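# Structural features, examined
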Amino acid sequence: MPGHAEAVLSVNFSPDGRQLASGSGDTTVRFWDLGTQLPAHTCQAHKNWVQCVSWSPDAAMVVSGDQNGVLWLWQPKTGETIGACRGHSKVIMSIAWEPAHMELPCRRFVTASQDSTAKVWDANTRRCLFTLSGHTRPVTCVKWGGDGFIHTSSRDGSIMVWDAKTGARAQTLQGHGHWVNTLALSAEYALRTGPFDHTGTAPSHPAEAKQAALQRYETACGGAPERLVSGSDDFTMFLWEPSVSKKPLQRLTGHMQLINQVQFSPDGRWIVSASFDKSVKLWDGVKGTFITTFRGHVRPVYQVSWSSDSRLVVSGSSDSTLKLWNVHTRKVQCDLPGHADEVFTVDWSPDGASIASGGKDQVLKLWRH
């Protein structure tokens, strides 16, 4: 789907799987109509590359962050801007929303920046509620857990856990020997989709929707503490249970180069990692034990995303291809060629129906599963 005038840097499906947002080097955010596969809205407000886009779990808002450190909030139905959040002085690296079972309609979100801070914002007032200061180098990734804690990773080699209500630091997770690039939570799929079930429907009443989101989160956790996985430039990953201990459950070794992204499967049983060593690795999501390596890409792998049934993984690479991997056969299911250059970003819709990818060739591709 052509439309962007520069590289596509971020694609993100809405929690109900019905809409798609993309951010690009052409400074625009686009909302796509998945039926016609045409841009529904082209949103202009950013003055620099749009690094990340993120949907609120109730699908009511999208926030986008750019290279200047400016955030814009959008109304997905109309494409109109709600306003800007200013406070970061450098690139926005990552965005996460407060889970829907904590508050509905969704209001608060957290952003990570190269300015070494993370900030929690109120979407309604566009004010910064508090700044999470403690990292000494750029903050690379942020996740808002379902248990009331925010997790940040940084190029200072540490992971910090913060109380989401007060902004106080709860603990620091040490162990990595180099930049920490990426984090993932075991209940992330349930947190991302909030009150929406696999068909993309949610109760219309906020109290019922909040209860539905809580039930989905509790089911995803299965009575166990939320797990966190981290990936680093030191070629290793760690599996943590931050609410239980600041010591890692397991150190996951085997990659020969830096780890770009980690993702838990929607059912929490598996972890996949994408690395500059051209491979995708599969790990046990509970114990952290190594399971298999998916080989086939001929250049670094940038991003991975899971199908909603936890059976397939899609990976996007600098070699211009996407590959679909089958967890049960441990083999490549199919190749998705078609991009003319590096694939920077990939996302699988929460309803399992579509895969979106974007990259250097300025084209956003939509694949139907």
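Before any of the text, the structure's been laid out above.
Let us look at the structure shown here. Small disclaimer: the values here were computed from a predicted structure and weren't measured.

### Section: the overall build of the protein
- Broken down by element type, the protein carries two helices and 31 strands.
- Here the C-alpha atoms of the protein give a radius of gyration of 19 Å, agreeing with the 21 Å that 2.2 N^0.38 yields for 369 residues.
- Overall size of the protein, expressed as C-alpha extent along the three principal axes, is 45 × 45 × 40 Å.
- Counting only residues that meet the buried cut, the protein has 61% of its 369 residues in that class.
- Looking at the protein alone, contacts between residues at least 24 apart form 47% of all its contacts between residues at least 6 apart.
- When the accessible area of the protein is evaluated, it comes to approximately 14100 Å², of which 48% is carbon and sulfur surface.
- Of the side-chain charges in the protein, 36 are positive and 33 negative, and the distance between the mean point of each set is 4 Å.

### Examining the layout of surface pockets
- There is about 160 Å³ of room inside the second largest pocket.
- Lining the second largest pocket are 13 residues, and of these Asp-58, Leu-104, Pro-203, Ser-204 and Ala-209 lie nearest its centre.
- Residue classes in the lining of the second largest pocket are distributed as eight nonpolar, three polar and two charged.

### Observations regarding the packing of aromatic side chains
- A full pass over the atoms with the stated rule returns eight aromatic pairs.
- Taken together, a centroid distance of 5.8 Å and an interplanar angle of 80° make the contact between Phe-31 and Trp-55 edge-to-face. Of the two residues, Phe-31 is situated in strand E3 (residues 28-33) and Trp-55 in strand E5 (residues 50-55); the sequence distance between them amounts to 24 residues.
- Classification of Phe-31 by relative accessible area gives buried; the value is 1%.
- Pairwise contacts between aromatic rings join Phe-276, Tyr-302 and Phe-344 into one cluster.

### Quick word on the sheet that holds strand E26 (residues 312-317)
- Read from one edge to the other, the open sheet built from four strands follows the order E25-E26-E27-E28, with strand pairing classed as antiparallel. Strands with a single pairing partner mark the edges of an open sheet, and in this sheet they are strand E25 (301-306) and strand E28 (331-336). Strand-to-strand twist in this sheet, taken as the mean axis angle between neighbours without regard to direction, amounts to 25°.
- Sheet topology note: the E26/strand E27 (residues 322-326) ladder contains five bridges and is antiparallel. Looking at E27, one finds that Ser-315 is bridged to Lys-323.

### Quick notes on the sheet that holds strand E17 (residues 180-185)
- One open sheet accounts for four strands, arranged E17-E18-E19-E20; its pairing is antiparallel. Of all strands in the sheet, those bounded by a partner on one side alone are E17 and strand E20 (250-252). The mean angle between the axes of side-by-side strands here comes to 20°, regardless of whether they run parallel or antiparallel.
- Of the pairings in the sheet, the one linking strand E19 (residues 237-240) to E20 comprises three bridges and is antiparallel in character. Residue pairing in the sheet places Leu-239 in a bridge with Gln-250 of E20.

### Quick look at the environment of Ser-154
- Structurally, Ser-154 can be placed in strand E14 (residues 149-154).
- Ser-154 has contacts with His-135, Arg-137, Pro-138, Val-139, Thr-140, Trp-179 and Val-180, leaving out every residue within four places of it along the chain.
- Reaching out from Ser-154, the side chain makes a polar contact with the backbone oxygen of Pro-138 at a distance of 3.0 Å.
- Within the structure, the side chain of Ser-154 is placed 3.0 Å from the backbone nitrogen of Asp-156, a separation counted as a polar contact.

### A closer look at the nonpolar core
- Counting 17 residues, the largest nonpolar core has Val-63, Leu-71, Leu-73, Ile-95, Trp-97 and Phe-109 as its most contacted members.
- Those elements that provide at least two residues to this core are strand E7 (71-75), strand E9 (92-97) and helix H2 (206-221).
- The element best represented in this core is E9, accounting for three residues.

### Considerations on the pattern of salt bridges
- As enumerated under the stated definition, the model contains seven salt bridges in all.
- A salt bridge links Arg-311 to Asp-309; the shortest N-O distance between them is 3.9 Å.

### Remarks on the state of the cysteines
- Scanning the model with the defined rule gives zero disulfides in all.
- Cys-221 takes part in no disulfide bond, and the closest cysteine sulfur, belonging to Cys-106, lies 17 Å away.

### Notes on H2
- In this model H2 runs 22 Å from its N-terminal to its C-terminal C-alpha over 16 residues, within 8% of the 22 Å that 1.5 Å per residue would give.
- If you check which residues of H2 are buried, you get Ala-209, Ala-212, Ala-213, Tyr-217 and Cys-221.
- Where the residues of H2 are buried, they touch helix H1 (188-193).
- One or two positions beyond H2, positive phi appears at Gly-222, with a value near 60°.

### Some points on the side chain of Asp-361
- By the secondary structure assignment, Asp-361 is in the loop between strand E30 (354-359) and strand E31 (364-368).
- It turns out Asp-361 is buried and unbridged, and the closest side chain with the opposite charge, Lys-365, is 6.1 Å from it.
- Sequence-distant contacts of Asp-361, defined by excluding residues within four places in its chain, comprise His-339, Ala-340 and Asp-341.

What counts, and where the lines are drawn
In every chain, residue numbers begin from 1 and rise along the written sequence. Thresholds applied to this predicted model are a pLDDT of at least 70 for local features of residues and 80 or more for the giving and counting of side-chain atom pairs; totals over whole chains, interfaces and linings are not thresholded and use all residues. With hydrogens and water excluded, all non-hydrogen atoms of the structure serve as input to the side-chain values. A run of DSSP states H or I qualifies as a helix once it reaches four residues; a run of E qualifies as a strand once it reaches two. Both are numbered from the N-terminal end. Based on C-alpha atoms, the radius of gyration is set beside the globule rule, defined as 2.2 Å times the residue count to the power 0.38. For every residue, the accessible area (1.4 Å probe, protein chains only) is compared with the maximum for its type, and the residue is labelled buried under 20%, exposed over 50%, or partly exposed between those bounds. The contact rule is simple, with two residues in contact once any of their heavy atoms fall within 4.5 Å. Here the accessible surface of atoms and residues is derived via Shrake-Rupley with a 1.4 Å probe, and residues count as covered only by protein chains that are part of the display. Counted as positive: Lys and Arg. Counted as negative: Asp and Glu. His and the chain ends are not counted at all. The location of each charge is read from NZ of Lys, CZ of Arg, CG of Asp or CD of Glu. Method remark: on a 1 Å grid restricted to protein atoms, a set of points is classed as a cavity if a 1.4 Å probe fits but cannot get out and as a pocket if it is open with protein on both sides within 12 Å along at least five of seven lines; lining residues have an atom within 4 Å of a point. Grid points are joined across faces, edges and corners, and a volume is the space filled by probe spheres set on the points. Each residue gets one label: Ala, Val, Leu, Ile, Met, Phe, Trp, Tyr, Cys and Pro are nonpolar, Asp, Glu, Lys and Arg are charged, and the others, such as Gly, are polar. For Phe, Tyr and Trp, rings pair up if their centres lie within 6.5 Å, where Trp contributes its six-membered ring, and each pair is then called stacked (planes under 30 degrees apart), edge-to-face (over 60) or tilted (otherwise). Pairing between two strands is assigned when DSSP locates at least 2 bridges connecting them. Simply put, an axis is a line fit to the C-alpha atoms, just over the touching stretch for a helix, and the angle between two N-to-C directions goes from 0 to 180 degrees. Whenever two N or O atoms come within 3.5 Å, that pair is a polar contact, provided that in protein one can donate a hydrogen and the other can accept it, and provided that, for residues adjacent in sequence, both atoms are side-chain atoms. The term nonpolar core refers to a set of buried residues drawn from Ala, Val, Leu, Ile, Met, Phe, Trp, Tyr and Cys, joined through side-chain atoms within 4.5 Å. The salt bridge definition used is simple: a Lys or Arg side-chain nitrogen within 4 Å of an Asp or Glu carboxyl oxygen. Counting rule for disulfides: a pair of cysteine sulfur atoms within 2.5 Å. Each residue after the first adds 1.5 Å to the expected span of a helix.

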